[in-house]
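Here are the chains, one letter per residue:
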Amino acid sequence: MSKTIKNIVKRKLGIIIVAFFFFLFGVFFQRKSFPSKIKNIILTTLNENFYEKKADLEFIRPDSFKLLISNKNIKALQKCKENVLKKLMLSEEDEIKFSGILVKDSDSVKVKIEPKGRLADHFSTDLISLKIKLKEKNNWNQISTFSIQHPKTRGYINEWLFHEIMKELGVIALTYDFVLVEINNSGKKLYAIEEKFDKNLLIKNDRENGPIFKFDNDIYFSGRREGLTKNRIDGAEILPYNRSDLIKDSLLFNSFEKAKKNIEKYKRNLVKTSDIFDVKILANYFAVFDLLGYHHGTSLDNIKFYFNPESELLEPIPYDNQKIQDASIQEILGFYKQIGKNIIPQEINQWKHCKWYELVFKDSIFYKAYVNALTDISKTKFLASFFKKNNRAYVNKINTLKHYYPNFNENIKDVLYANQDYIKRCLNPSEKAVQGYYVEHSKNKIKLQVRSMLGLPIHIIGLYDKEGNKISFSPSNVLVQAVRYGFVPESFEINFKVNSQELDKENVSRLKLRFSVLGLDEEYESKIRPWKDY
């Protein structure tokens, strides 16, 4: 028998054996004795892998449209770009606005166009960032005002994940996607398209129509900011979006005035975060930034606000975060914050500890909600569920970006899972980070100095003996502040009332100080040192 015939026989025999194996495997599956849990795990895994590989092979061409712009305005755009690259920012004198036509299939509509973005990154490629506004009653994919920009200005896939995770947690999320745009006859280029702030955004996010506003930062980008407060919350004017609609609608106008009044009280330390903000939504909002490891979007230069007329509370609108990176680089936003209504925020030359952040986090009600949001978002099942739900869309976005930008490199999932682990470590501190020091004692009282080196505030639960019995009955749930950024950790004196057992330095050192992170149930113990801190 020739080698060729032998090979054919071997292949056919192999096929028969494999087919027979799968037949037996199928029969085995049908047996009631086969554990259904294992069966479901295997089927789910096979199903997920199949669809992931199938999605990898798919390439769905993104939506597209054409912009028609006159030669005169093309030249004006080019001149604007040259000036921005010289000055490294878009100044008032370089701003331009002009009309154009948006063509989609056989339809066309007049649009208003202007350069978008203050900084040079929006002008550093052939794809200049543009803001496009359709005339009233017109929209493109339910969006009436949007911007287009090179995908890298928003971190390619990063901004899409940013908004999709926000949406998953009930936070208002912009439509962010990728679209092919041809300007005149220059050929189609892939842009990132980003929704702007109007009534359509609220409708898509199941919100009642209400005012959307921002802290206007133009004065801080004008080049004339000498002597201005570094705290944007004090120095920036509060301005509404869609001003003409606001003025015409008395209910909308009254809501804006109410929101503005609340912010003014907030600046002056007259109300706290939980009085004027939707605490759960705001907590989820900040937790997402910690998961992404980058906090650019939390600054008042970027964050926008919506006043919900139903709850009469403010909600954040996420915008412009760009990066996903190792969370340990910027740490979590809740680190080093002081809790309590009597904490007066100071100007600190470190942006994450300026007045805006100090005001938000000093409310214990909000802080507890934030810590709980971090706990939930750091659970492995959160990301696993998110990517399972959004896998096809995610893979298609990746494939689109790789098709039009071959050098695009994506390794985001590993970073996000690593950031979850980092957040877990932040919320699970070392017991050695909190120290108790003996000061003095009497028959029914013991005085300790307690020092925390943690960036999180803690509750002192009480004193316990070596058998785990609580010997102190007052005080309980004493708050010890987090260490302040750039400061030496301070000691706090606490007087504990104890039972009548005799205390001396020897048995004091056998006691344990029990504590927990503010907002969490997990308890920790630290040994008492039989000497003073200082």
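Residues numbered from 1 in each chain as written. Predicted model: local features only at pLDDT ≥ 70, side-chain atom pairs only at ≥ 80, totals over all residues. Heavy atoms only, no water.

Colleague: Explain the overall build of the protein chain here, please?
Modeller: When its secondary structure is counted, the protein chain shows 16 helices and 19 strands. Split by element, the accessible area of the protein chain, about 27,800 Å² in all, is 51% carbon and sulfur. (Helix = DSSP H or I, 4+ residues; strand = E, 2+ residues; numbered from the N terminus. Areas by Shrake-Rupley, 256 points an atom, 1.4 Å probe, with all protein chains shown as cover.)

Colleague: Help me out: how do you make sense of the sheet that holds strand E16 (residues 478–480) in this one?
Modeller: Each strand in a sheet pairs with its neighbour through backbone hydrogen bonds, running either in the same direction (parallel) or in the opposite one (antiparallel). With mixed pairing, the eight strands of this open sheet are ordered in space as E15-E17-E13-E12-E19-E18-E14-E16. The sheet is open, and its two borders are formed by strand E15 (472–474) and E16, each paired with just one other strand. Averaged over all pairs of adjacent strands, the angle between strand axes in this sheet comes to 45°, irrespective of strand direction. Here six bridges tie strand E14 (residues 458–464) to strand E18 (residues 512–517), and the two strands are oriented antiparallel to one another. Within E18, the residue paired with glycine 462 across the bridge is arginine 514. (Pairing = 2+ DSSP bridges. Axes fitted to C-alpha atoms, helices over the stretch in contact; angles between N-to-C directions.)

Colleague: Would you mind going over the packing of helix H10 (residues 279–292) against helix H15 (residues 412–427) with me for this structure?
Modeller: Geometry of a packed helix pair, given as the angle between the helix axes and the separation of the axes. Where H10 contacts H15, the axes come no closer than 8 Å and their chain directions differ by 115°. Judged by the angle between their axes, H10 and H15 are roughly perpendicular. Two secondary-structure elements touch here, H10 through Asp290, Leu291 and Leu292 and H15 through Leu416, Asn419, Gln420 and Ile423. Of the residues belonging to the contact of H10 with H15, the class tally is four nonpolar, two polar and one charged. (Parallel < 35°, antiparallel > 145°, perpendicular 65-115°, else oblique. Contact = heavy atoms within 4.5 Å. Nonpolar A, V, L, I, M, F, W, Y, C, P; charged D, E, K, R; others polar.)

Colleague: I would appreciate a short explanation of the environment of alanine 283 in the present structure.
Modeller: Looking at the secondary structure, you find alanine 283 in helix H10. Under the relative-accessibility criterion, alanine 283 is labelled buried at 1%. For the pair alanine 283 and valine 371, spaced 88 residues apart in sequence, the C-alpha separation works out to 8.0 Å. When neighbours within four sequence positions are excluded, alanine 283 is seen to be in contact with Phe366, Ala369, Tyr370 and Ala373. (Buried < 20%, exposed > 50% of the residue type's maximum accessible area, 1.4 Å probe, protein only.)

Colleague: Please explain the nonpolar core as it appears in this structure.
Modeller: Side chains of a nonpolar character, in soluble globular proteins, are inclined to be buried together. Core analysis: the biggest nonpolar cluster contains 112 residues, and Leu67, Ile148, Ile157, Phe286, Trp356 and Tyr370 have the highest contact counts within it. Excluding residues within four positions of it along the chain, isoleucine 148 makes contact with Phe65, Leu67, Ile128, Ser129, Leu130, Ile132, Val181, Tyr191, Ala192 and Ile193. Residues Leu448, Val498, Phe515 and Ile528 belong to the second largest nonpolar core, which totals 22 residues. (Core = buried A, V, L, I, M, F, W, Y, C linked by side-chain atoms within 4.5 Å.)

Colleague: Which parts of the structure should I look at to understand the sheet that holds strand E9 (residues 237–240)?
Modeller: An order of E9-E8-E10-E11 is seen for the four strands of this open sheet, with the pairing classed as antiparallel. Lying at the two open borders of the sheet, with one neighbouring strand each, are E9 and strand E11 (313–317). Between one strand axis and the next, the sheet turns through 35° on average, direction left out of account. Strand direction decides the pairing type here: strand E8 (residues 212–216) and strand E10 (residues 304–308), joined by three bridges, are antiparallel.

Colleague: Mind showing me how you'd approach the pattern of salt bridges here?
Modeller: When the charged atoms of two side chains lie near each other, side chains of opposite charge can form a pair. For the structure on display, the rule yields 29 salt bridges. Where glutamate 264 meets lysine 260, a salt bridge forms, and the shortest distance between an N and an O atom there is 3.7 Å. Of this pair, glutamate 264 and lysine 260 both sit in helix H8 (residues 250–267), four residues apart, roughly one helical turn. For glutamate 264, a relative accessible area of 21% corresponds to the partly exposed category. You can call lysine 260 partly exposed: its relative accessible area is 30%. A salt bridge links glutamate 493 to lysine 447, with the shortest nitrogen-to-oxygen separation between them at 3.8 Å. Separated by 46 residues along the polypeptide, glutamate 493 in strand E17 (residues 491–498) and lysine 447 in strand E13 (residues 445–452) bring together distant segments of the chain. Overlapping salt bridges, with partners in common, bring together Lys116, Arg154, Glu159, Glu194, Lys196 and Asp320 in one network. (Salt bridge = Lys/Arg side-chain N within 4 Å of Asp/Glu carboxyl O.)

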